[in-house]
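Notes for the structure review
Residues per chain, in single letters:
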Amino acid sequence: NVTQKRHAVATALAASSLPPLVMARGHRIGEVAELPLVVSDGLESIQKTKQAVETLKKLGCSEELQRVLDSKKVRAGKGKMRNRRYTMRRGPLVVYSEDNGIVRAMRNIP
């Protein structure tokens, strides 16, 4: 199981660098310069969510963020009664090496 999970994570990360596969999953990456989008280490020191959203929009992720916000739907089935009322799509994945406040800034962005 551990080997399979490690292999699945490596495959998923490799697939995220191919724009046709990412677009086939429904992500809006038209304005993004390249995949994966690598930025400087200064981004790790962002403290506020407003700054994080501004930065993501400047990097070309505004269409993807809007797609995620518009995807909030009421769940089908009994999950609604079990405090799992809404489902949403997933937004951009942020990978960092050192937490200087980026976790708190990005955690409320869907």
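A few points on the structure. Given the structure is predicted, the values throughout are model-derived calculations rather than measurements.

Quick look at the pattern of salt bridges
Using the criterion set out here, one finds one salt bridge in the structure. With a shortest N-O distance of 3.0 Å, Glu64 and Arg67 are connected by a salt bridge. Separated by three residues within a single helix, Glu64 and Arg67 lie in helix α4 (residues 62–69), roughly one turn from each other. Taking relative accessible area as the criterion, Glu64 reaches 5% and is therefore assigned buried.

Things to note about a nonpolar patch on the surface
Among the surface-exposed residues, Val9, Leu13, Leu93 and Val95 lie close enough to one another that they form a single nonpolar patch of about 440 Å² accessible area. Tracing the chain through its elements places Leu93 in the loop between β2 (86–87) and α5 (102–106).

Observations regarding the environment of Glu63
Positionally, Glu63 belongs in helix α4. Overall, Glu63 belongs to the partly exposed group, its relative accessible area being 38%. For the pair Glu63 and Gly91, spaced 28 residues apart in the sequence, the C-alpha separation amounts to 10 Å. Contact partners of Glu63, with chain neighbours within four places excluded, come to Arg28 and Glu31.

Description of α4
Buried within α4 are the following residues: Glu64, Leu65, Arg67 and Val68. Within α4, the buried residues cover an arc of 160° as seen down the axis, which keeps them to one side. Looking at the packing, one finds that the buried side of α4 touches α3 (49–58).

Quick look at the nonpolar core
One recurring pattern in soluble globular proteins: nonpolar side chains tend to sit buried together. Ile46, Ala52, Leu56, Met106 and Ile109 are the most contacted members of the largest nonpolar core, which has 13 residues in total. Going through the elements one at a time, α3 and α5 are the ones with two or more residues in this core. Ranked by residues supplied to this core, first place goes to α5 with three residues. When neighbours within four sequence positions are excluded, Ile46 is seen to be in contact with Gln51, Ala52, Thr55, Gly101, Ile102 and Ala105.

Observations regarding the layout of surface pockets
Rolling a probe over the atoms, with the probe sized like a water molecule, indicates the empty space that remains. Roughly 1,200 Å³ of internal volume is contained in the largest pocket. Along the wall of the largest pocket there are 37 residues; nearest its centre are Leu35, Pro36, Pro92, Leu93 and Val94. When contributions to the lining of the largest pocket are tallied by element, the ones reaching two or more residues are α1 (2–15), α2 (19–24), α4 and α5. Ranked by residue count, the leading element in the lining of the largest pocket is α1, at three residues. Roughly 310 Å³ of volume is contained in the second largest pocket. A per-element tally of the lining of the second largest pocket places α5 first, with three residues. Grouping the amino acids of the lining of the second largest pocket by side-chain chemistry returns eleven nonpolar, one polar and three charged.

Quick notes on the rules
Residues numbered from 1 in each chain as written. Predicted model: local features only at pLDDT ≥ 70, side-chain atom pairs only at ≥ 80, totals over all residues. Heavy atoms only, no water. Salt bridge = Lys/Arg side-chain N within 4 Å of Asp/Glu carboxyl O. Helix = DSSP H or I, 4+ residues; strand = E, 2+ residues; numbered from the N terminus. Buried < 20%, exposed > 50% of the residue type's maximum accessible area, 1.4 Å probe, protein only. Patch = residues over 30% accessible without salt bridge, like charges linked within 9 Å, V, L, I, M, F, W, Y side chains within 5 Å. Areas by Shrake-Rupley, 256 points an atom, 1.4 Å probe, with all protein chains shown as cover. Contact = heavy atoms within 4.5 Å. Arc of directions from axis to C-beta. Core = buried A, V, L, I, M, F, W, Y, C linked by side-chain atoms within 4.5 Å. 1 Å grid on protein atoms, 1.4 Å probe; cavity = no way out; pocket = protein on both sides within 12 Å on 5 of 7 lines; lining within 4 Å. Points joined across faces, edges and corners; volume = space filled by probe spheres on them. Nonpolar A, V, L, I, M, F, W, Y, C, P; charged D, E, K, R; others polar.

No statement about biological role is implied by the geometric values presented.
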